[in-house]
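A structural walkthrough
Residues per chain, in single letters:
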Amino acid sequence: MKLNELKIGVEKKIIQIEGKGALRHRLLEMGIIPGTIVKITKIAPFGDPIQIHIRSYELSIRKNDAECIIVED
């Protein structure tokens, strides 16, 4: 399941980061790494961006970036 498919308030563990190059590197630098628990806290009215809670802080990412993050089912 991809991160952008999660409902608000559901916690899941990150399994894999898809993508290559700069996008993957940027996500990893932000602390989005496999094994970390992530939860969607807010979604903008038109669906982009998505606010997530990860590692005790809030982070907003684009919906396209969230599609590259695979979480457990």
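The rules behind the values
Residues numbered from 1 in each chain as written. Predicted model: local features only at pLDDT ≥ 70, side-chain atom pairs only at ≥ 80, totals over all residues. Heavy atoms only, no water. Core = buried A, V, L, I, M, F, W, Y, C linked by side-chain atoms within 4.5 Å. Buried < 20%, exposed > 50% of the residue type's maximum accessible area, 1.4 Å probe, protein only. Helix = DSSP H or I, 4+ residues; strand = E, 2+ residues; numbered from the N terminus. Contact = heavy atoms within 4.5 Å. Polar contact = N/O pair within 3.5 Å; in protein donor to acceptor, adjacent residues only side chain to side chain. Patch = residues over 30% accessible without salt bridge, like charges linked within 9 Å, V, L, I, M, F, W, Y side chains within 5 Å. Areas by Shrake-Rupley, 256 points an atom, 1.4 Å probe, with all protein chains shown as cover. Salt bridge = Lys/Arg side-chain N within 4 Å of Asp/Glu carboxyl O. Lys, Arg positive; Asp, Glu negative; His and termini not counted. Charge placed at Lys NZ, Arg CZ, Asp CG, Glu CD. Pairing = 2+ DSSP bridges.

1. Considerations on the nonpolar core
- By size, the foremost hydrophobic cluster in this structure holds 17 residues, and its most contacted members are Leu3, Ile14, Ile32, Ile52, Ile61 and Ile69.
- Secondary structure elements with two or more residues in this core: strand E1 (11-17), strand E2 (37-43), strand E3 (50-54), strand E4 (57-61) and strand E5 (69-71).
- When residues of this core are assigned to their parent elements, the largest contribution, 3 residues, is made by E3.
- Contact partners of isoleucine 14, with chain neighbours within four places excluded, come to Ile32, Ile33, Pro34, Gly35, Thr36, Val38, Ile54, Ile69, Ile70 and Val71.

2. A few points about the side chain of threonine 36
- Secondary-structure assignment places threonine 36 in the loop between helix H1 (21-29) and E2.
- Here threonine 36 falls in the buried class, since its relative accessible area comes to 8%.
- In this structure the side chain of threonine 36 is engaged in a polar contact, spanning 3.2 Å, whose partner is the side chain of arginine 55.
- Residues in contact with threonine 36, not counting those within four places in the same chain, are Lys12, Lys13, Ile14, Gly31, Ile54 and Arg55.

3. Some words on a negative patch on the surface
- A cluster of acidic residues, Glu5, Glu67, Glu72 and Asp73, forms a negative patch at the surface.
- Within the secondary structure layout, glutamate 72 lies in the segment after E5.
- Taking relative accessible area as the criterion, glutamate 72 reaches 31% and is therefore assigned partly exposed.

4. So, the pairing of E4
- Relative to E4, E3 runs antiparallel, the two being bridged by 5 bridges. Across the sheet, residue histidine 53 finds its bridge partner in E4, namely glutamate 58.
- What sits between the antiparallel neighbours E3 and E4 is a turn of 2 residues, in which arginine 55 has the positive phi angle 55°.

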